[in-house]
Structures are given as C-alpha cells and as structure tokens.
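# Examining the three-dimensional arrangement
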Amino acid sequence: MKVTENTTYRLMKSNLERITTELLDLRNQGATGLKLNRPSDDPGAVRPVLTTRTQLQQNERYLDTTGHAGDKMAATDGFLAEVENILVRVKEIAINSVNGAMGPSDQANLADEIAGLKDRLLASSNAIIDGKYIFAGFKEKTRPFTENPAYDPALYDATDITTWPYQYNGDHNRTELEITPGEFLEVNLTGNELFMGISNQTAATGSTDPQHGPASADLFSVLTRMEEAVRAGNVDNISGPGGSIQAQMANLDIAADQNRSLRSILGSKAARVDSAALHQQDARIDLEQILSRYQDADMIEVFNDILKQETAFRAALNISSRVSDISILDYF
Amino acid sequence: MAGLFDSLNSARTSLEVNQKSIEIIGNNISNLNTEGYSRQKALLSTYPAMNFGDFFIGQGVKISDVSREHDVFIDRQIKQKSVEFGFQDALNRPLSDLERVFNVSNDNISTDIDTFFDSWQKLSADPGDTVLRNNVILQGQVLAAGFNNTANELNTIKSSIDDSIVSRIESVNMQMQEIAELNDRIYSIEIHGQTANSARDQRDLLAKSLAKSLGAQSYEDSKGMLAVHLPGGLPLVQGTMSMSISANISGSSLNLQLKAGGVTRDIGSHNMGGEFAGLLDIRDNFIPELNSEIDKLAYELSVQINLQHQAGGSLDSTTGNLFFSMPPGYVATEYAGAARQMSVVITDPVKIAAGATPDPGPPPTTVAPGDNRNALTLSNIGDNYLIDGTDSFNSLYAKIVATVGIESSQNQLSLKGAKDALVQLENFRDGLVGVSLEEEMISLIQFQRGFESSAKFLSTVDEMMGTIINLKK
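Bear in mind the structure is a predicted one, so any value in this text is a computation, not a measurement.

## Topic: the overall build of chain A
Assigned secondary structure in chain A consists of eight helices and six strands. Mapped in sequence order, the helices and strands of chain A form the string α-α-α-β-β-β-β-β-β-α-α-α-α-α. Seen through its C-alpha atoms, chain A measures out along the principal axes to roughly 140 × 40 × 30 Å. Expressed as a percentage of its 332 residues, the buried residues of chain A come to 35%.

So this is what it looks like as structure tokens:
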C-alpha cells in the first residue's frame, strides 16, 4: 500500500486540528479559571453547581436578615433598659413620698416628677427605629400609644381597658423573620404585651377585658395612678384617689418583673440570632468549597497540560514543515 | 525487408504507447490534489502475434484500456461513514447554540429565579418599604423576560435550522441532476468499450456528497448506471432520471417533500440520513422537548406564585391580586406557551401582597404595613414546592441544562470519532487508489527509458534498412 502526499497532508492537518482544539480548550480553562464553561464540559456537575449557587445566595440573605434582626433587638433592648430605669426611679419616689415628713408641696413636686417619668415612658413606648414604630406590631406607621380622652380617674376599672389612661393603637402581631432555612424567629415585642400586660392571644380576641393574671400590669395605669396617689397623699386607702400608694407599689413590682421577663425572652432570642449568624458564616465557607470543587479548574494542572500541549503543538508544526523539505523531485 | 517494415511498425507502436503512458502519468500528476481522483493507468497488451512459418512473432504493444484504480469496498465504507459524519456534523452547530441559551454562567434562568425569591426575602424584613416592593416587581420582570427570551431563542434556532435546510436543498437537487447526466454520459461512452474514468470519479464524489447530506445509498445497476435512493427506499436518481426535493413552508413550519414520478411524498428525519436527518431530528424532537420543559417550569412558577399571592393582602387591603399573568393554558392545565407569554401584571408597588389576607370581618380589617407573613411564605416557595413531587424549580432547570450538556458532549465525541474514522478511511483509499509522487516519478523514468530504447530500436532498424538499401549502389 502506498503513501501519497495527500495522505501525509491529511494526517498532518487532522493532527494539528486536534492539538489546536485541545489547546484552545485548555487556554480557555486557564483564562476563566473554570473547568465548567459549558454544560457539555461536565453534565453531571451542572445540578450541584446550580443548587450550590442558590444556597450561597440564600446564605447571604440570611446573614443580612440576622444582622437586621440583631440590630432591631439590640435597639429594643436599649428602650427596655430605659423602662427599667423609669420604674426603679418611680419606686424610689414612691418610697420617698410615704415618708410622713413630706408636706403637700413636696408631694406635689414628687407627683410632678412621676408625671415627667410617665412622659418619658410614653416616649419610649412610641420609639421609632428606621422610620417605624417598634412597639406597634404590624401597624408600624401608627403611633401605638396615645392618651385616652375618655379617661376619668374616678371610673378607673382594672378589668376594662377602655377606662385606662392610655390606649393602644397598634396590633398584636409579632414580626417573624427567617434566620436559617425553615426557622422563623419572632424578633420583636408588641406594645400590648410589654406596656399593658395584655398577652397577644387575649389581644387577638379583641375583648375589653385584659385578663390580667397575678404577673401582669399596665405600666401606664400604674404610673398614672401612682401620680394621683402621691399628689393626693393617699398612702393606703385603696378606694381613694389613685388606689393608694401601697397598692401601686405592689403593682410597680409586678410591672418591673413583667418588663424583666420579657427582656430576658428577647435576650435569649438575640443569642439565638447570633449563633445562627455564626453558623451561616461557617456554612458559607463550606458552600464556596463545594462550588469550587465542581466548577473551578485546578490551575497547576491546567498550566501543566498547556505546557504539554504546546510542546506537542511545536513538535507537530515541526514535522509538518519537514514534510515538504524532502521530495523525490529534488533528486531528478 | 518485409520483416524490417514489421519491426518498424513494432517500434512505432512502442513509441506511441510510451508517449501515451507518459501523458497518462502527466495527467495523474496534474490531478494530484483533485478531490476524489483515482489514479489512472494504461493497460498494455501485445498485438496478436503473426505467424512466420514455424514460429509466432509479436507485433508490438498497444494500449487496450486506460482504467482507473478502484476499490468498491473502501468506497462503500467511506459512504457509510460519511452518513454518520454528516449527521453528527449537522447537530454540532445547533447544539452549540443551545448550550449558549441554556448556560451555566452566572447569568441564566436559575440565577433569575434565585434573585426573585431573594427579593421577597428582603421584602419580608421591611414590608412597608416602597423601594423594596418596586424591587420585587423588577425582579419578577427580569425573570419573566428570561423565560420570554429563552422561548424566543429556541424559536430562532428552529428557524435558522430551517434556513440551513433550505439553503442546502438547491445544491442537493443539483447534485442529483448531475448524477443523472453523468449516468447518461458514462453509459454512452462505455457502450463503445472504453471506460469513462473521470466521469466515474465525479459521479463517485457526488454520491459521497449525497450520502453526507441525505444519507443516500447508491449502487450500480447492470447498465453501469448509479441508482441513488434514500435509506427508506425512496428513489433519488434512477437511470438518467433525477427526482427533486422541495421545501413546503406552511405557516412557520417547514416540511420537505420528494417529487418522484409524479407523486409528491413527505419526507422526514425517519426516512433520511446524514445532515438533513440530523437537522430535522434536532428541530422536530430535541428542541420541542426543551420547549415543553421550559414551558412546564414557567407554568408551575407562575401558577404557584400567583396562588400564594392571591391568598395574601396588599397594602391597600385588597386580596386576590395576581402577580404574574396566568399562563394561557391555565384552565386546561396545559403547559404550552407559558414561557413565551409570562409577564408581570402588577405595576403598583402597593398591590404587592406581602401581608396575610385581611379579615373580611365584620368589621373588615386592613393590612398593616409591617405585615410580612405572605412575603415569608412566598420567599420559601422556591425551596418547598416540588413540581410533580420530584423537582424544585431550580433542579428542573438544572435537569434541562444537563440534558443539553449530555447531548452536546455525546455529539462532540461522536463527531470526533466519525471524523477520525473518515480520515483513516480516506487515507486507506489513497493508499489503494491515490496518486503517489514517488510512484509516478518512477513510472516516468520507466516509460522514458522505454521511449529511449524504442527510439534506439527505431534508429537501429533504420540503419539496417539503410544497409540493405545500400547493398546495391
């Protein structure tokens, strides 16, 4: 069987084509750093890569959300600390006022101070973060606590919220955020449970009876009535103005406990948020690693392969050029 | 003296034959690079010997035939391989295009889906914010546009395949006609006893080209004419008559028809081979499959988002608002057309239903700006909902992309294999019937020396004749 010129050239051509195609592929891998540039490069890796990318995006989102939630909780805690301080100060004043040496003008001053503290409490309860009322439940654009125009100190009834000095205009829904896949955490407290001692379930029924247990109190009622009692100097007459300083001091303790327990609930939730954030950061590293394994090219291997291919290319080109050097026509 | 004239004649034949042989060698050399050329050689035979009393003396040499070297087996192998090569080659370009449409970069429908659900998640942290609401609408539009574009691209690829087919039809028809004409010419030449070498070479080349484009098979009948027919048996060239293929365009779809003997028949990828079969196969089977999968994805996505969105309350306390347009086949649960017609129907950010449905009452409640319950549910549909109970949205899309990837990588492998095989076969053919420069040069020397020695013989005979004539002065 003879070897014709065409055979030789055809063989050279197909070999050069093969080598240059492989070289192009390797160079592309080297330049992009990816070994998965088109689906046909590795069809089996397509699904893991797309799924991992989705998870990475979600992970970023969770980090953002936990940051958000953590910030909100920290700010809320600040206000709760303020409430604690107010209650402590009111108790001090109350104890002071029971001192029999106080005259009417001293008591008036103390009562005014309580009124001032009550205003501070009102300001805290209507706190705004980022343009939204934080103690208003879902109704974040509505001022949650306003004065009740129909308030009459003589008609005060602890079992009927329409007789209370301040009314609540927000709603009873705590905001949930998703901090890890499938885990929803309530990140705030509602005005009714914090300041009025009405649980969210009771508020949901819309009844006017707050159903206060032995551990709940309405902070505004306590402060208002304490002010009335101090102003009137009513120390222990329960049916007198303000329902007596003694009774209200007992209520103050209840109120402070209510505040503290809610604050600790919020605190433990904040700790949960922190640990979720840490976990997401760790997960991120793992996900990036998985993604890299499927789609990144091993650069050292790629460069080695490029060197090998380039050598093969040079050899093939060399041979191709030598083919035409030798010809029978030189010898004739 | 009479003997000497015979010798003269003998020498003359020798000179002629050697000259002719050198011409044939010259022809071989000049056609060194002609595609499909088979080496021609002269078949020499002696003149019938004449009786000189007791013995026979040959009368010289003549060229009985100029024949071409030919191997039927290799020819057939090459035609068969060309069919497969044509098929894979035609698939290559459309599959590359499909890989571009269904890619694995950071810019595909999967990323659009992720960003869309992400925008709902962002909204859940601050449901009253108009900017975030507008962002949700925007991401929805990006997603819908992604689906629209994909559906359109699939259509574009289909129509460029149609264009490709149309452009090849004319050359295929011309080739069939040429084969018929060559049949006629070869027949009329060979009836005189000669072989029509270059015409046969040309015909073989055309048959190979038809094998590559149509998967046509050919065989030579008793009269030396090449009969060409499609794999299914439908005739393309019979004797000196050639059929023709035409493209029948109805609406947006293109069908091929074969006009044979007054009957027009529809032909498709099932009774063709080669390039046409490849193009039709991808246009009629593979791409419609991809289309229906994308439609399914768009349908399920639109419907699920819509159902959940309708179950929520917008900022203006209305409920039952659609987010996407319902797919055209919604009532009949048909997927077709969902991807191309997907669009966002909400324009007012207030209408986004981030909150839960308001209580109809009495008294009717309103949706508060901080209500994010529906947004939370919507953002998790991407993770929770399984289409047909098996695939989430992203994994269905990943399946589609992987299908394209598998098909494309298989095609690349097959194409490489077919190409390598074809190269080997062509080289083998060259080894049997090709023109080798070394061979021709050696033959040239051979016939040149033959010519020289004939010339020498002639001059010797001439001298002998001269001697005889000079016997008498």
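## Some details on the overall build of chain B
When helices and strands are tallied, chain B shows ten helices and 13 strands. Computed over the C-alpha atoms, the radius of gyration of chain B is 38 Å, more than 25% above the 23 Å expected from 2.2 N^0.38 for a compact globule of 473 residues. If you line up chain B on its principal axes, its C-alpha atoms span 150 × 45 × 30 Å. Out of the 473 residues belonging to chain B, those deemed buried represent 38%. Within chain B, counting contacts between residues at least 6 apart in sequence, those at least 24 apart form 69% of the total.

## Focus: the sheet that holds strand β6 (residues 226–229) of chain B
Residue and element names in this part refer to chain B. Strand order across the open sheet formed by four strands is β5-β6-β7-β8, with antiparallel pairing between neighbours. Because the sheet does not close on itself, it has two edges, and the strands there are β5 (217–220) and β8 (241–242). Bridge analysis of strand β7 (residues 235–238) against β8 gives two bridges, and the strand direction is antiparallel. The partner of Val 237 across the bridge, within β8, is Ser 242.

## Quick notes on the sheet that holds strand β11 (residues 263–267) of chain B
Residues and elements named next belong to chain B. The strand order across the open sheet built from three strands is β9-β10-β11, with neighbouring strands paired in antiparallel fashion. The outermost strands of the open sheet, each flanked by one partner alone, are β9 (244–250) and β11. Averaged over all neighbouring strand pairs, the angle between strand axes comes to 35°, with direction disregarded. Note: β9 against strand β10 (residues 253–260), seven bridges, orientation antiparallel. Each residue of the ladder has a partner; that of Ile 245, found in β10, is Leu 258.

## Quick notes on the interface of chain B and chain A
Frequently, the measure chosen for interface size is the accessible area removed from exposure when the parts meet. Each side of the interface is counted separately: chain B has 44 residues, and chain A has 40 residues. Taken together, the elements giving at least two residues each to the side of chain B that touches chain A come down to α3 (109–125), α9 (393–433) and α10 (437–469) of chain B. Ranked by the residues each element gives to the side of chain B that touches chain A, the list is headed by α9 of chain B, at 18 residues. Here the residues of the side of chain B that touches chain A are counted per class, giving 18 nonpolar, 17 polar and nine charged.

## So, the domain arrangement of chain A
Each assigned domain of chain A is listed here: domain 1 (5–50 + 295–331) and domain 2 (64–287). The centre of domain 1 of chain A, based on its C-alpha atoms, is set 75 Å off from the matching centre of domain 2 of chain A.

Scoring rules and cut-offs
- Residues numbered from 1 in each chain as written.
- Chains lettered and ligands numbered in written order.
- Predicted model: local features only at pLDDT ≥ 70, side-chain atom pairs only at ≥ 80, totals over all residues.
- Helix = DSSP H or I, 4+ residues; strand = E, 2+ residues; numbered from the N terminus.
- Buried ≥ 20, exposed ≤ 12 C-beta atoms within 10 Å, placed from the backbone.
- Rg over C-alpha atoms; globule rule 2.2 N^0.38 Å.
- Contact = placed C-beta atoms within 7 Å.
- Pairing = 2+ DSSP bridges.
- Axes fitted to C-alpha atoms, helices over the stretch in contact; angles between N-to-C directions.
- Nonpolar A, V, L, I, M, F, W, Y, C, P; charged D, E, K, R; others polar.
- Domains from an automatic or database assignment.

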